[in-house]
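Observations on the three-dimensional arrangement
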Number of protein chains: 4
Amino acid sequence: MNMTMDMMKGAMSSSDMPMKDMDPAMMQECMEALSACMQACIMCADADAGEGAGMARCAGLCANCADMCDTMMRMMLRMNGWDMQVMMSMMQSTVMMARACSAECSMHAEMSEHCRMCAMACDQAVMAMEKMMGSMSEAMPMA
Amino acid sequence: MNMTMDMMKGAMSSSDMPMKDMDPAMMQECMEALSACMQACIMCADADAGEGAGMARCAGLCANCADMCDTMMRMMLRMNGWDMQVMMSMMQSTVMMARACSAECSMHAEMSEHCRMCAMACDQAVMAMEKMMGSMSEAMPMA
Amino acid sequence: MNMTMDMMKGAMSSSDMPMKDMDPAMMQECMEALSACMQACIMCADADAGEGAGMARCAGLCANCADMCDTMMRMMLRMNGWDMQVMMSMMQSTVMMARACSAECSMHAEMSEHCRMCAMACDQAVMAMEKMMGSMSEAMPMA
Amino acid sequence: MNMTMDMMKGAMSSSDMPMKDMDPAMMQECMEALSACMQACIMCADADAGEGAGMARCAGLCANCADMCDTMMRMMLRMNGWDMQVMMSMMQSTVMMARACSAECSMHAEMSEHCRMCAMACDQAVMAMEKMMGSMSEAMPMA
């Protein structure tokens with residue numbers, strides 16, 4: 001994602017947007033974690049589908065988590081669409097989703113390798129988003 | 001969306017899922033409003049792109065709103081993926097997004113017909129989601 | 001989708017774009033069929049996930065078909081992004097996808113109501129896209 | 001994307017699916033190129049939106065290209081959904097889309113840094129997909 005980062009730096013430097021003071025490296029790290037989480041969730045949902053009724057909930061949560069991570073990443077990339085309060089709210093929802101997905105996957109991590117790895121990807125996305133939200137809080141005006 | 005509603009009724013009747021007591025007609029209404037809002041936002045963002053720097057924020061917010069409505073609708077369709085707290089949080093975020101998009105579009109509604117119609121679609125999505133959240137609140141266990 | 005149609009008519013009338021001579025009602029019909037197909041495919045993939053190894057392929061094809069229909073509809077809504085050759089190629093691919101999905105779903109239509117209805121939604125999307133492609137062919141310059 | 005690759009290897013080794021003989025490293029390279037192209041296109045479309053009527057077509061093509069790359073990547077990740085003919089057709093359409101997007105972006109590459117980089121990302125996605133299609137052709141049964 002070096003090119004992504006170069007493009008983001010260019011867009012951020014030429015703007016007076018709300019996220020102009022944020023660290024591009026931290027934003028890139030967060031987007032990479034979201035991208036990896038989306039990919040792991042799509043593969044996990046796909047694998048679950050062949051594994052019986054006990055995995056139906058895992059498949060549903062993973063499919064939802066993939067779509068939310070995808071949307072969250074797309075929103076971070078659109079400099080003109082940044083609205084701090086909406087971004088914060090969506091990121092909190094995505095954290096909640098990734099936590100629910102990780103909790104479900106962790107329950108079958110011992111018997112299912114794809115669930116074990118998907119839970120890890122979710123956990124990493126949660127950590128990256130929490131770091132990002134800390135930085136966003138500082139950039140937000142007092143309520 | 002008659003077929004969508006028939007499929008949802010079938011899935012809901014055969015389940016013991018958290019949303020089994022919700023009104024399928026209300027869910028359908030909400031998904032139709034989300035779908036209409038997504039479509040209006042994509043068209044508005046597309047039209048904005050040719051209209052100069054003053055419309056860049058509108059384009060960004062509309063593109064974000066389209067992605068969030070799309071994801072929200074997809075999540076409502078996945079019976080196995082329903083997690084009441086995640087759904088509630090994501091719906092609150094989507095309401096906040098649609099309100100921000102409507103507020104922006106409303107500022108240029110007089111000179112731009114697509115913004116006027118997009119704001120209407122956002123407002124209708126907000127109303128449908130608020131109705132839906134009222135019903136979800138009742139279905140949620142006490143915290 | 002009355003608002004969608006009004007917005008499309010507005011955008012088409014004020015443009016010299018390649019699709020300006022196409023029938024908005026036919027375009028709307030095609031987008032509605034794509035939207036219904038996406039929704040049916042998401043619900044079918046979700047239901048498949050709890051039904052064992054025999055339905056894994058159905059779940060995978062339905063999830064893919066949902067994503068392609070979603071993207072095809074988004075592309076039709078972006079007036080500024082129309083490129084006749086790309087649109088034609090993408091629509092042909094989406095027809096092939098919906099046919100493969102319908103063929104798979106039809107194999108278990110008797111025992112699975114969601115597959116029976118998903119196959120119908122795919123067939124209707126195929127018919128609507130074929131009508132649309134006929135009209136696009138006429139609008140394309142000779143190769 | 002190391003985790004993605006590990007998950008893909010696991011899924012491919014335990015399957016008798018049509019792509020079981022393909023090189024996971026090549027698949028990963030293709031998915032990374034699609035992901036980078038999607039990100040560049042979203043940023044380019046977002047930046048275009050503020051730059052006047054001359055960039056409207058660029059914004060529309062980039063938004064379409066982002067959605068197609070996203071869908072193509074999702075389809076590659078779903079082992080159970082692989083249908084060689086559909087995958088080949090969708091990849092050909094995505095190549096056509098990325099070429100059209102690159103051609104448009106290249107026209108304003110000198111004055112617009114985001115277009116220059118977006119064109120590069122499109123070109124790299126095209127190359128990775130062409131390599132992938134070569135390998136898929138060999139895996140396909142004779143027609």
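Here the structure is a predicted model, which is why all the values come from computation and not from measurement. (Residues numbered from 1 in each chain as written. Chains lettered and ligands numbered in written order. Predicted model: local features only at pLDDT ≥ 70, side-chain atom pairs only at ≥ 80, totals over all residues. Heavy atoms only, no water.)

Time to look at the overall build of chain A. Each helix and strand in chain A was counted, giving five helices and zero strands. When the helices and strands of chain A are listed from N to C terminus, the series reads α-α-α-α-α. Relative to the compact-globule value of 15 Å for 143 residues, chain A shows a C-alpha radius of gyration of 16 Å, a close match. Dimensions along the principal axes, computed over C-alpha positions, put chain A at roughly 50 × 35 × 20 Å. (Helix = DSSP H or I, 4+ residues; strand = E, 2+ residues; numbered from the N terminus. Rg over C-alpha atoms; globule rule 2.2 N^0.38 Å.)

Once chain A has been moved 0.0 Å along the axis and rotated by 180 degrees, it coincides with chain D to within an RMSD of 0.0 Å. Expressed as a symmetry operation, the mapping of one chain copy onto the other fits a two-fold axis. The C-alpha atom lying nearest the rotation axis in chain A is that of Ser35 of chain A; the distance is 4.1 Å. Interface overlap between copies: 100% of the residues of chain A at the interface are likewise at the interface in chain D, consistent with a symmetric, same-surface contact. (Least-squares fit on C-alpha atoms with pLDDT ≥ 70 in both. Contact = heavy atoms within 4.5 Å.)

Between chain A and chain D, the residue contacts involve 30 residues of the former and 31 residues of the latter. Buried area between chain A and chain D, summed over both chains or domains, comes out near 2600 Å², and the portion from carbon and sulfur atoms is 65%. Ionic pairing is found between Arg74 of chain A and Asp67 of chain D, a salt bridge with its closest N-O pair at 2.8 Å. Counting the contacts that link chain A with chain D gives ten residue pairs in polar contact (both at pLDDT 80 or more). At the level of secondary structure, the elements contributing two or more residues to the side of chain A that touches chain D comprise helix H1 (2–13), helix H2 (24–48), helix H3 (56–77) and helix H5 (113–139) of chain A. The leading source of residues in the side of chain A that touches chain D is H2 of chain A, at nine residues. Residue composition of the side of chain A that touches chain D, grouped by class: 17 nonpolar, seven polar and six charged. (Buried area = accessible area lost by both parts, 1.4 Å probe. Salt bridge = Lys/Arg side-chain N within 4 Å of Asp/Glu carboxyl O. Polar contact = N/O pair within 3.5 Å; in protein donor to acceptor, adjacent residues only side chain to side chain. Nonpolar A, V, L, I, M, F, W, Y, C, P; charged D, E, K, R; others polar.)

Before going further, it helps to spend a moment on the nonpolar core. Formed by 247 residues in total, the largest nonpolar core has its most connected members in Met76 of chain A, Met76 of chain B, Met76 of chain C together with Met76 of chain D. Residues contacting Met76 of chain D, with those up to four places away along its chain left out, are Met8, Met27, Cys30, Met31, Leu34, Trp82, Met87, Met91 and Met132 of chain D. (Core = buried A, V, L, I, M, F, W, Y, C linked by side-chain atoms within 4.5 Å. Buried < 20%, exposed > 50% of the residue type's maximum accessible area, 1.4 Å probe, protein only.)

The next point concerns the environment of Met88 of chain A. All names here are of chain A. Mapped onto the elements, Met88 comes out in helix H4 (residues 84–107). With relative accessibility at 11%, the residue Met88 sits in the buried group. Considered as a pair, Met88 and Met132 are 44 residues apart in the sequence and their alpha carbons are 9.4 Å apart. The contacts of Met88, once residues within four sequence positions are left out, are Met133, Met136, Ser137 and Met140.

Counted by the stated rule, this structure contains 40 salt bridges over all chains. A salt bridge links Arg78 of chain B to Asp67 of chain A; its shortest N-O distance comes to 2.9 Å. Of the two residues, Arg78 of chain B sits in the loop between helix H3 (56–77) and helix H4 (84–107) while Asp67 of chain A sits in helix H3, which places them in two different chains. The buried category is assigned to Arg78 of chain B, whose relative accessible area is 9%. Classification of Asp67 of chain A by relative accessible area gives buried; the value is 3%.

The next point concerns the interface of chain B and chain A. Counting from both sides, the interface comprises 24 residues of chain B and, opposite them, 24 residues of chain A. Our enumeration of links across chain B and chain A arrives at six salt bridges. Arg57 of chain A is paired through a salt bridge with Asp83 of chain B; the nearest N and O atoms lie 3.5 Å apart. Applying the counting rule to chain B against chain A returns 17 residue pairs in polar contact (both at pLDDT 80 or more). Among the elements of the structure, H3 and H4 of chain B are those that each provide at least two residues to the side of chain B that touches chain A.

Packing of H3 of chain B against helix H3 (residues 56–77) of chain C brings their axes to within 13 Å, and their N-to-C directions diverge by 150 degrees. Here H3 of chain B is positioned roughly antiparallel relative to H3 of chain C, judged by the angle of their axes. Classified by chirality, the crossing of H3 of chain C by H3 of chain B is right-handed. Mapping the contact onto sequence places Ala66, Asp67, Asp70 and Arg74 of chain B in H3 of chain B and Ala66, Asp67, Asp70 and Arg74 of chain C in H3 of chain C. Here the contact of H3 of chain B with H3 of chain C is built from residues that sort into two nonpolar, no polar and six charged. (Axes fitted to C-alpha atoms, helices over the stretch in contact; angles between N-to-C directions. Parallel < 35°, antiparallel > 145°, perpendicular 65-115°, else oblique. Left-handed = near helix turned anticlockwise from the far one by under 90°.)

With twelve residues, helix H1 (residues 2–13) of chain B should cover 16 Å at 1.5 Å per step; its first-to-last C-alpha distance of 16 Å lies within 8% of that length. Of all the residues in H1 of chain B, the buried ones are Met3, Thr4, Met5, Met7, Met8 and Met12 of chain B. On its buried face, H1 of chain B sits against helix H2 (24–48) and H3 of chain B together with helix H2 (24–48) and helix H5 (113–139) of chain C. (Expected span 1.5 Å × (residues − 1).)

Taken as a whole, chain A shows an average pLDDT of 92; of its residues, 96% reach a score of 70 or greater. In the predicted complex, the global pTM is 0.96; the interface-specific ipTM is 0.94. (pLDDT = per-residue confidence, 0-100.)

Structurally, the position occupied by Met97 of chain A is in helix H4. For Met97 of chain A, a relative accessible area of 1% puts it in the buried group. Sequence separation of Met97 of chain A and Leu61 of chain A is 36 residues, and the distance between their C-alpha atoms is 7.9 Å. Once residues within four sequence positions are removed from consideration, Met97 of chain A is found in contact with Leu61, Asn64, Cys65 and Met68 of chain A together with Met75 and Val86 of chain B.

This paragraph deals with the relation of the copies chain B and chain A. Here two copies of a chain appear, and what relates them is a rotation about an axis with a shift along it. Overlay of chain B on chain A (RMSD 0.0 Å): rotation 180 degrees, translation along the axis 0.0 Å. Both copies contact each other with a shared surface, as 100% of the interface residues of chain B are interface residues in chain A too.

Now for the side chain of Thr94 of chain A. Residues and elements named next belong to chain A. Relative to the helices and strands, Thr94 resides in helix H4. Classification of Thr94 as buried rests on a relative accessible area of 0%. In this structure the side chain of Thr94 is engaged in a polar contact, spanning 2.7 Å, whose partner is the backbone oxygen of Met90. Thr94 has contacts with Leu34, Met68, Cys69, Met72 and Met129, leaving out every residue within four places of it along the chain.

Another point: the state of the cysteines. Residue and element names in this part refer to chain A. Enumeration according to the criterion identifies zero disulfides over all chains in this entry. Here Cys58 is not cross-linked by a disulfide; its sulfur's nearest cysteine counterpart is in Cys105, at 3.6 Å. On the basis of relative accessible area, Cys58 is assigned to the buried category, the value being 0%. (Disulfide = S-S within 2.5 Å.)

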